[in-house]
Structure formats: structure tokens, C-alpha cells
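# Results of the structural survey
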2 protein chains.
Amino acid sequence: MLNVITREEAVNLIKEKTAHIIPETEKVNISFALGRTLSQDIVSDENIPPFDRTTVDGYAVIAADTFGAGNAVPAQLDTVGEVLMGENADFTLERGQCVKISTGGMLPKGADAAVMAEHTDNAGGLCLIYKSAAPYENITKTGDDIGKGEVALKKGTVITPAQIGVLAALGIYEVPVFKKPVIAIISTGDEISEEPKPGQIRDINTYLLSSAAEKSGCNVYEYGAVKDKREEIESAVKDCVEKADAVLISGGSSAGARDMTVDIIDALGKAFFHGIAMKPGKPTIFGIIENKPVFGLPGHPLAAYFVFRLIVSEYIKSVLNISAYKPEKSGVLAFNIPSNHGREEFLCVKQNENNELVALHTKSGIISVLSEACGFIRIPRNAEGLFKGTAVEIYEL
Amino acid sequence: MLNVITREEAVNLIKEKTAHIIPETEKVNISFALGRTLSQDIVSDENIPPFDRTTVDGYAVIAADTFGAGNAVPAQLDTVGEVLMGENADFTLERGQCVKISTGGMLPKGADAAVMAEHTDNAGGLCLIYKSAAPYENITKTGDDIGKGEVALKKGTVITPAQIGVLAALGIYEVPVFKKPVIAIISTGDEISEEPKPGQIRDINTYLLSSAAEKSGCNVYEYGAVKDKREEIESAVKDCVEKADAVLISGGSSAGARDMTVDIIDALGKAFFHGIAMKPGKPTIFGIIENKPVFGLPGHPLAAYFVFRLIVSEYIKSVLNISAYKPEKSGVLAFNIPSNHGREEFLCVKQNENNELVALHTKSGIISVLSEACGFIRIPRNAEGLFKGTAVEIYEL
């Protein structure tokens, strides 16, 4: 008889005993990558954006040319042309010059800021600038979003739409991911029947655990239901160990049946624990057969589900290198956040080292912010911002 | 030029203008039902469990026969046999009798409680019961989990493993669901190129929005990228309106391009708003063409994603009858919750009418609790329970 251990001990033991298992990798097209797990760091081999871009419709300028400009004394610049969207701005802006430019357009060399059209007047070739622009104002610099050589996405990241966006920005259309582990599911119990007669019930666990495994990013090998007979369970386990990466045996609710599962695991491999000090889920079993983890789960569906959610899923995360990180649900602001009165505002946030929330730079055209954020917060339409220390709800991206 | 409206107004207007759209339905096998949305209430036409069951290994008894029993004065009952798992207990227990029974076994008629084996001694045909059993102690009554005629799952429910469990319990292997809406995605912009040259960038929005639509339960018709030219966009929109249930046009970041999108929607149908008082996402457009919703999204990926997440997803939820309900992340207990010292405990909870948390009855063998819960809470191993009013974190099931 094996000892009852705590959940932390169980999770650590499972991680230790499965640490040497290296999941296989494959490449999938970006259109099928949602929900998969990255098998390597994605290092950018280019700058995103690949050129300085404006974030407004207006004029690209040399900031120094606008210093001191105001409504009374506009700066006067020569409009030397227009950069069309998607066009290579392969000329150099000289002092005293500006060019018309649309949001997302490429800045010519020399230009280091952009002025919004509403702060300008254009009369013939002359552009009047009514507002001083600071260097880098209204522009996204080359590499601002993702720098060349930077780790844009980490190995073990579960791919969400945000990561799909980063992959698309980098032109990575074939995505390196871990193969989905195959989880075999055996449901045992003499009372289980597809057409239940008095005293019998339907098989719930095969479907419940299959969908839980699918939701956790696995493929499923449904062995189906077997009777609580040693030879039937043993032959099912042998078949599953051969065909899958891990095996779940649910059922055997009676003490005798549970001991049988432990005996079978010990006969074919080695059982490491039988019993976790948690409720529900006490009669959980873990062992290794031919290098593959085998879990004995309670027969009651609710208990089986909790064991999947709290124990088996830790093995899945571990073998796929998925970090345990889960977005927080609420947090406290690390800084004051000003906002535009009159517009409801949404900001991506991440946690700093003190677990406080920091708003992420959301300059137009930036995509990496989405994948860096743990979620977003909302500033109501009539708020004038949010103060440091405010507790806010974090919404899922 | 259309007026800027608030997000609430935008969402309501979209719901109003798409209220008459009735999504098609289909049946899918339970193995493919995860993540789909139920198109009708699931009414149980049987009781779950279909018979009285014990939740322990031990003896089925008539509770009254055990009243007053204790270690000093055990009740003495005749053991008249054993009910094996899956067996029909088609006899009646008489006063003074008991039968051996395993967890999940069927109670014979007359029996109304079960006593755990550890509180008994069996000598020959005589069973000594050292503990009084209350009526219904250690048993699950017929229909306790799901009653015949009860709505087990509601129309509009997004199917999680918990719901899969309930469907399996009821033997519903062909599940009625709404067909996935097809969302067409058009990315516009003269700067977009698969092989970007200076001044050009890659198409991010097609991939970002496709995966967001997929995650929201839709199928995607990727039209791809088109230039900011009226005839190109117009022909793309016509094609998409024909092939999809809704159309997203992202891009046209410049004011002129955005106006062109409004013009095209107005030429082919009717635009209802252009501009939402939210940041990011101001230049959002909504209209209807041939009875199908058409959304104009900003070109910046981050802004496009927020508009999808906050505006387009509301249309998807509305058309699939998905209730806006999202599990809470933390809550306050409505009652004291006692616990077993020494075991870490997990409990399913739901919210009462005051938004406080109520622990759900988790008697063994109950599956409906999983689908009723908004999540689960944890009672640490060394806590002696949790007091009413305690704020607790709610974990996702």
C-alpha cells in the first residue's frame, strides 16, 4: 500500500518522473496554429516596423524646424511632395522641407516627427505648421515594435490570436510547435453500459475526460469502457501504452478495484503513489509503464474531472513546457493613467515585479503589445484617468 | 458623415439590426461538440441517477434499524446477500436485514441509507453496525443529479467538458448546436504585401482576425488583402456578402480610405454608424448589406483586435444566443464552509441572487454540479473551513 501525499508532492513527483520525456515537434501552418504550443523561441530576424512610420495623417517634418511654432507664429515649410502608402520614401528631407504622408506611411530619411493635418494649412507649395513637434512625435521608429534579434515569443507559449498577430508580422507562416500529446482514456466499471438496465449507468468519464484533454491541447485515444476485470484492464492498459503518450484509467470506485489498478501498474511498470490528500480526488494513482505516465482517476465524474484539472493537466503543461502563468483577474495600478475625457478607453497591461499593473505603450501599429499583455483594463468614458493604487478588473484579451 | 456613438449604443444598435437573423442549426457527435453552442434547451427525459445508489463501500440498510447504534451497542442485522456493481437489486429489504454493496451500487427496495464498511463487522451472516445512519445518508436518490423533465442545459450554452459530461450522462450523443457563422475577412491597404519592400508591411489583420473569429466559435472565409481602391474593395465585399454570414473589412487607416468603406457599404446596403467614442477603435463602421452585417475595422492590428473583442464578438454572441455571462474571478462566501482538516479541498461554487458564492452539493456521482458551477474554490489543507464573508479566488473549471 502506497502512502497518501499532498497535491504539491504529487505534482512535483509527476514532473520529476516525466522530466526526461521530450515531446516531438512539428511545423503547422499559421492558419492552424491557434491553441498550439511553441516548441522554440521565435527570434525576429528583422525589425518591425522595418522602417520609420507615421501614426497620423499629416506631414513628415524635421522636428527642429517646428520648434516654437504656434497658432500666432506658424512654422513655414516647403511641401516637397507626398509619400503614398506602401511607397518607398527613398529621398532625404532637408531642413525647411516637409512631405504629405498618411497614417502608416514611410518617413523619408531626415524626417524625425509627424504633424497632424489638423494643425497645418497648405497653401500651394507652402505648409504652415501651427504646433511644435517633439522629435519622434507621432512616429513609430524602425524596430519599435519588435527589434531584430529580439525574442518575440517564448518557447512554451500557448498560441492565442495575439501571438498569431506577431507571427504574421514576422512572416512566420510555418510555425514550430510541439506535437499534441496523445492521451488514452479507459473507463472501467461493471456498472457501465451504453444501454443501461436497472443498476447500470452510462459511461460519462470517457466523454468528460476526452473533452478535457482536447481543451488542454491533446489528442485523444478513446479506448472505451471495460469491466472491472484484471485481464480486461491489463490488456486495455497495454494497448494504450503502445498507442498513446499517457494513459488515464478512470473508475474502479471500490477499494478492491482501485488496488487492482495499482497492481496492474506495478506488474507492467511501477506505481509511485496511490492517494492524494485532496477532496475530491483522494484515490488518485500515478505510475510509469514503458516510460509513459499512467494515471488512475476516481470513477465519479466530478472527482475524475478535478483530478484531470489539478493533476493530469500539470503533467500536460510540464511536458509541453507551458509555463503555469495564468492571467490575473484583477490588479492594482503602479502608475497614474491619464485619459481623454469623453472616450471610453481600453489599455493593455502587464504586471511589474511587484505584481502591480503597468499600462503598455499602445502606439498605433504596434502588435507586440498584445502578446506581451496579461489582459486589458477599461477607463470609463467620463473618468479623467485612473490613479496609482486603484484596483481594476483585468479583462481577457 | 455619421455621428460618433458610445460603445453601448454601438452594441445595442448592432443587436437591434441583426436581431432578425436566425442562425442555422445542426447536430454534431458528442466527440465534436466541445466549444459549440447549444441550439435548444436539453430537457432530460429520464432521472439521473436512474436508481438509488450508495456513495460508499459498505452495507445498504433501513436507517430505522440502526437508530441508537454505537460502539458499545451495535445494531445487529442479517446480511442477506450482496449487490454487485451493475446488478439489478430486484428484491426488497425487510426490517432487520442488510446487504453488502459497493460505491455506486443499486439499493434494493426498502433500503434508505448505507453504512460505511469501516463502521461494521461481519461475522457469518450477522452484520454488526457501530454507527447510526440517518435516512438518505450515503446515498444518491433517483433523480438527485438530474430530474426527469428538468432543463439540464440551456439553449445558448457554450459546451465545455462539464456540459459534455451532462450530455453523456443523458445519453445524448448527437448534440443540437448552432452552425458556426462564417466570418469573411478582408484586409485593405496599399502598404500590404506578402514580400514587403521598403515602405510596405505584411498583412497582420487577416491572420489576427481569423484566429480571433475561430476562437469565438466561427468559421472563416479569408478573402485576403486588397488595395485601397474602390472597385477592388467593392468587389471583395460583394463576394464576401455572398459567401459569408458577416464581413469584416480592416484597414483604410487614412481618413479618405475610411470614407470610401462607408461609401461602399452605403452603395451596396446601408451604413448605421461611423465612429465609436472608444480608444482604440474610434474609426469603426457598421452597416448591413443584403441582410448581412458588415464591419469596418481600423487598420492598426491592436485597434482592429479591440474592435473585434469588444464589438464584433458581441454580434457573434448575440447571433448564437450566447449569454454574456462570464465566470467571476473572485467572490465572497454566502455561508460558512466547514472542511476536513488535513485534506486540501476543492468545491464547486455558483453565485446566489446577491452575487455571493454558494458551495454546490458535491455528493459522489453527481455530474450536473460541474455544469452549474461558475468555477471552483480551494480550501487549504490546514484550514478548518472558510467563514461566511471570506473573499476567495474562483478558479476556472
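Residues numbered from 1 in each chain as written. Chains lettered and ligands numbered in written order. Predicted model: local features only at pLDDT ≥ 70, side-chain atom pairs only at ≥ 80, totals over all residues. Heavy atoms only, no water.

## Some thoughts on the interface of chain B and chain A
With 83 residues of chain B at the interface, the matching set in chain A holds 83 residues. Our enumeration of links across chain B and chain A arrives at six salt bridges. As a salt-bridge pair, A:Lys279 and B:Glu345 come within 3.7 Å of each other at their nearest N and O atoms. Residue assignment for the side of chain B that touches chain A shows that the elements contributing at least two residues are helix H1 (7-18), helix H2 (161-170), helix H3 (205-215), strand S17 (278-279), helix H6 (301-319), strand S22 (344-351), helix H7 (368-372) and strand S24 (375-379) of chain B. A breakdown of the residues in the side of chain B that touches chain A according to their chemical character gives 39 nonpolar, 19 polar and 25 charged. Across two bridges, the pairing between strand S17 (residues 278-279) of chain A and S22(B) is parallel. Looking at the pairing, A:Lys279 lines up with B:Glu345 of S22(B). (Contact = heavy atoms within 4.5 Å. Salt bridge = Lys/Arg side-chain N within 4 Å of Asp/Glu carboxyl O. Helix = DSSP H or I, 4+ residues; strand = E, 2+ residues; numbered from the N terminus. Nonpolar A, V, L, I, M, F, W, Y, C, P; charged D, E, K, R; others polar. Pairing = 2+ DSSP bridges.)

## Some points on the pattern of salt bridges
Residue and element names in this part refer to chain A. For the coordinates displayed, the defined rule picks out 34 salt bridges over all chains. Of the charged contacts, one joins Arg 36 and Glu 26 as a salt bridge, the two residues approaching to 2.6 Å between their closest N and O atoms. Taken together, the residues span a long stretch of sequence, with Arg 36 in the loop between strand S1 (25-29) and strand S2 (42-43) and Glu 26 in strand S1 at a distance of ten residues. Overall, the relative accessible area of 29% leaves Glu 26 in the partly exposed class. Ionic pairing is found between Glu 314 and Lys 317, a salt bridge with its closest N-O pair at 3.6 Å. Here Lys 317 and Glu 314 lie together in helix H6 (residues 301-319), a separation of three residues that amounts to about one turn. (Buried < 20%, exposed > 50% of the residue type's maximum accessible area, 1.4 Å probe, protein only.)

## Quick look at the packing of aromatic side chains
Throughout the structure, instances matching the rule amount to 18 aromatic pairs over all chains. Where A:Tyr207 meets B:Tyr173, the ring centres are 5.5 Å apart and the plane angle is 40 degrees; that geometry is what we call tilted. In this pair, A:Tyr207 sits in helix H3 (residues 205-215) while B:Tyr173 sits in the loop between H2 and strand S12 (174-178), so the two residues belong to two different chains. Each member of the pair, A:Tyr207 as well as B:Tyr173, is classed as buried. Cluster of aromatic residues (ring-pair linked, three or more members): A:Phe272, A:Phe273, A:Phe286, A:Phe295 and A:Tyr315. (Phe/Tyr/Trp six-rings, centres within 6.5 Å; stacked < 30°, edge-to-face > 60°.)

## A look at the relation of the copies chain B and chain A
Aligned on chain A, chain B shows an RMSD of 0.1 Å; the corresponding rotation is 180 degrees and the shift along the axis is 0.0 Å. With respect to symmetry, the two chain copies, as superposed, fit the operation of a two-fold axis. Within chain B, B:Lys329 has its C-alpha nearest the rotation axis, a separation of 3.0 Å. An overlap of 100% is found between the interface residues of chain B and their copies at the interface of chain A, pointing to a shared contact surface. (Least-squares fit on C-alpha atoms with pLDDT ≥ 70 in both.)

## A short note on the confidence of the model for chain A
Looking at chain A as a whole, the pLDDT averages 91, with 96% of positions reaching at least 70. Predicted complex, confidence summary: ipTM 0.91, pTM 0.90. (pLDDT = per-residue confidence, 0-100.)

## Topic: H3(B)
Every α-helix carries 3.6 residues per turn, so stepping three or four residues along brings you back to the same face. Of all the eleven residues making up H3(B), nine are buried; the element is thus mostly covered by neighbouring parts of the structure. Those residues of H3(B) not exposed but buried are B:Asn205, B:Thr206, B:Tyr207, B:Leu208, B:Leu209, B:Ser210, B:Ser211, B:Ala212 and B:Ala213.

## A short note on the pairing of strand S19 (residues 292-297) of chain A
Residue and element names in this part refer to chain A. Taken across its six residues, S19 has five buried, putting it largely inside the fold. Two strands pair when backbone bridges link them, and strand S15 (residues 246-250) and S19 are joined in this way by four bridges, in the parallel orientation. Within S19, the position partnered with Ile 249 by the bridge is Gly 296. Bridge analysis of strand S18 (residues 285-289) against S19 gives five bridges, and the strand direction is antiparallel.

## Some words on the environment of B:Asn336
Residue and element names in this part refer to chain B. Assignment of secondary structure puts Asn 336 in the loop between strand S20 (330-332) and strand S21 (337-338). Expressed as a C-alpha distance, the spacing of Asn 336 and Ala 359, which sit 23 residues apart in the sequence, is 9.5 Å. Look past the residues within four positions of Asn 336 in its chain and what remains in contact with it is Leu 386, Phe 387 and Lys 388. At 2.8 Å, the side chain of Asn 336 forms a polar contact with the backbone nitrogen of Lys 388. (Polar contact = N/O pair within 3.5 Å; in protein donor to acceptor, adjacent residues only side chain to side chain.)

## Considerations on the environment of A:Ile139
Residue and element names in this part refer to chain A. Relative to the helices and strands, Ile 139 is located in strand S10 (residues 139-140). Residue Ile 139 is classed as buried on the basis of its relative accessible area of 0%. Separated by 78 residues in the primary sequence, Ile 139 and Gly 217 place their C-alpha atoms 40 Å from one another.

## Looking at unusual backbone geometry
A cis amide bond links A:Ile48 with the next residue in sequence, A:Pro49, at an omega value of -5 degrees. For the bond from A:Lys279 to A:Pro280, the omega torsion is -5 degrees, close enough to zero to count as cis. Here A:Pro280 is to be found in the loop between S17 and S18. In the Ramachandran plot, A:Asn321 falls in the positive-phi region, its phi being about 60 degrees despite a non-glycine side chain. When you line up the elements, A:Asn321 lands in the loop between H6 and strand S20 (330-332). You will see that B:Asn291, though not glycine, has its phi angle at about 70 degrees, which is positive. Within the fold, B:Asn291 resides in the loop between strand S18 (285-289) and strand S19 (292-297). The partly exposed category is assigned to B:Asn291, whose relative accessible area is 45%.

## Focus: the sheet that holds strand S13 (residues 182-188) of chain B
Paired through their backbone hydrogen bonds, the strands of a sheet run either parallel or antiparallel. All names here are of chain B. Read from one edge to the other, the open sheet built from six strands follows the order S14-S13-S15-S19-S18-S16, with strand pairing classed as mixed. Both edges of this open sheet fall to strand S14 (219-226) and strand S16 (270-274), since each of them pairs with a single strand only. Direction aside, the axes of adjacent strands within the sheet are offset by 15 degrees on average. Taken strand by strand, helix H4 (residues 230-243) contacts S13, S14, strand S15 (246-250), S18 and S19, and its axis lies near 170 degrees from that of S14. (Axes fitted to C-alpha atoms, helices over the stretch in contact; angles between N-to-C directions.)

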